[in-house]
Amino acid sequence: MNLPDLLPNEWRTALESHLDPAATADLGAFVAAAYAATPVFPPLPDLFTAYRLCKPADTRVVILGQDPYHKAGQAHGLSFSVQAGVRVPPSLRNVYKELAADLGAAAPEGGDLRGWATQGVLLLNAVLTVREGAAGSHANKGWEAFTDATIAALQDQPDRVVFLLWGSYARKKAALVTNPAHVVLEAGHPSPLNPRGFLGSRPFSAANKALADAGLTPIDWSRSASA
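Since the model is a prediction, treat every value here as computed from it, not as a measurement. (Residues numbered from 1 in each chain as written. Predicted model: local features only at pLDDT ≥ 70, side-chain atom pairs only at ≥ 80, totals over all residues. Heavy atoms only, no water.)

**Notes on helix H5 (residues 90-103)**
(1) Moving on: Compared with an ideal rise of 1.5 Å per residue, which puts 14 residues at 20 Å, H5 spans 20 Å between its outermost C-alpha atoms and is within 8% of the ideal.
(2) Moving on: Considered for burial, the residues of H5 that qualify are Ser 91, Leu 92, Asn 94, Val 95, Tyr 96, Glu 98, Leu 99 and Asp 102.
(3) Moving on: In the core, the buried residues of H5 are packed alongside helix H6 (114-117), strand E5 (162-166) and helix H9 (203-213).
(4) Moving on: Looking one or two residues beyond H5, the residue adopting positive phi is Gly 104, at roughly 65°. (Helix = DSSP H or I, 4+ residues; strand = E, 2+ residues; numbered from the N terminus. Expected span 1.5 Å × (residues − 1). Buried < 20%, exposed > 50% of the residue type's maximum accessible area, 1.4 Å probe, protein only. Contact = heavy atoms within 4.5 Å.)

**Here we look at the UniProt feature "active site" (unreviewed entry) in the protein**
(1) Moving on: Listed under "active site" (unreviewed entry) in the UniProt record, and renumbered for this structure, are Asp 67.
(2) Moving on: Looking at where Asp 67 falls in the secondary structure, it is placed in the loop between strand E2 (61-65) and H5.
(3) Moving on: Residue class for Asp 67 comes out buried when judged on its relative accessible area of 17%.
(4) Moving on: Residue contacts for Asp 67: discarding those within four places in its chain leaves Asn 125, Val 127, Thr 129, Val 130, Ala 135, Gly 136 and Ser 137. (UniProt positions renumbered as here; feature names shortened; annotations may be inferred.)

**A few points about the environment of Ala 152**
(1) Moving on: Examined against the element boundaries, Ala 152 turns out to sit in helix H7 (residues 143-155).
(2) Moving on: Between the C-alpha atoms of Ala 152 and His 18, which are 134 residues apart in sequence, the distance is 7.0 Å.

**Remarks on the packing of aromatic side chains**
(1) Moving on: Enumeration according to the criterion identifies twelve aromatic pairs in this entry.
(2) Moving on: Aromatic side chains Phe 48 and Tyr 51 sit 5.4 Å apart centroid to centroid with 85° between the ring planes, which places their arrangement in the edge-to-face category. Residues Phe 48 and Tyr 51 agree in their burial class; the two are buried.
(3) Moving on: Put simply, the rings of Phe 80, Trp 116, Trp 166, Phe 198, Phe 204 and Trp 221 touch in pairs and so form one group of aromatic residues. (Phe/Tyr/Trp six-rings, centres within 6.5 Å; stacked < 30°, edge-to-face > 60°.)

**Examining the sheet that holds strand E6 (residues 183-187)**
(1) Moving on: What the four strands build is an open sheet, ordered E3-E2-E5-E6; its pairing is parallel. Each end of this open sheet is capped by a strand with a single partner; those strands are strand E3 (121-125) and E6. Ignoring which end each strand starts from, the neighbouring axes of this sheet average 15° apart. (Pairing = 2+ DSSP bridges. Axes fitted to C-alpha atoms, helices over the stretch in contact; angles between N-to-C directions.)

**Points about H9**
(1) Moving on: Among all positions in H9, only Pro 203, Phe 204, Ala 207, Asn 208, Ala 210 and Leu 211 are buried. Projection of H9 onto a plane perpendicular to its axis shows the buried side chains occupying an angular sector of 160°, all on one side. Facing away from the buried side of H9 by over 90 degrees, the exposed positions are Lys 209 and Asp 213.
(2) Moving on: Along its buried surface, H9 packs onto E2, H5, H6, E5 and E6.
(3) Moving on: Positive phi shows up at Gly 215, right after H9, with a value of about 75°. (Arc of directions from axis to C-beta.)

**Structural notes on the pairing of E3**
(1) Moving on: With five of its five residues buried, E3 lies for the most part within the structure.
(2) Moving on: Side-chain alternation along E3 places Val 121, Leu 123 and Asn 125 on one buried face and Leu 122 and Leu 124 on a second face that is also buried.

**Details of the nonpolar core**
(1) Moving on: The biggest cluster of nonpolar side chains holds 69 residues, and the ones touching the most others in it are Ile 63, Trp 116, Trp 143, Phe 146 and Trp 221.
(2) Moving on: Here this core takes six residues from H7, the largest share from any one element.
(3) Moving on: With residues near it in sequence (within four places) discarded, Trp 116 still touches Ile 63, Val 95, Leu 99, Pro 108, Val 121, Leu 123, Phe 204, Asp 220, Trp 221 and Arg 223. (Core = buried A, V, L, I, M, F, W, Y, C linked by side-chain atoms within 4.5 Å.)

**With respect to the side chain of Glu 144**
(1) Moving on: Secondary-structure assignment places Glu 144 in helix H7.
(2) Moving on: Put simply, Glu 144 is tucked away with no salt bridge, and the nearest opposite charge, on Lys 173, sits 6.8 Å away.
(3) Moving on: Leave out the neighbours within four places in its chain, and Glu 144 touches Ala 126, Val 127, Ala 139, Tyr 169 and Lys 173. (Lys, Arg positive; Asp, Glu negative; His and termini not counted. Salt bridge = Lys/Arg side-chain N within 4 Å of Asp/Glu carboxyl O.)

The structure is reproduced here in structure tokens:
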């Protein structure tokens, strides 16, 4: 499986100089074997949904999670998001709780966050696949270098990008953001298992302020997938 061939043209071009061909080939072989052997999420057609919905030049915010939801019917290629009609997971409920406390904004309808993605929010996980029922099962298989390359490509963008890094796994990426035009905002993971560190971090107002300070349009965080 040649992973770059599955990317939209803009992202394939942006990532080309940041990916090691041999490592990317090894990752592609692992991903192909994983999908062939056992249920893996997200479904293969949704693997690069985040990249399809948010071009490099349009990216204003990156929300970085750890890896996809590992139960059937949830993951569809956007970090923290679930498919329409699926019950909102506990981590996303905390995200919505913080959204209300931070901005007084209504949450999007359901758990489908495409309404954020289409505004320039790249909803990226550090690891893009997972075996059913086994959180973290595809960590340290090569995805980390792939998403490092994504961050490196965004550093080349002339306009400000705000990186929201939630949880220890995502926060490891902070050191990769060295362009002073960009902004990194770190917080704990929104999982209910981590009761402190996320709630009260006010990431949405901080991200919008950083965008406005750079003359960019803030995100309408209440926009649903159907808006």
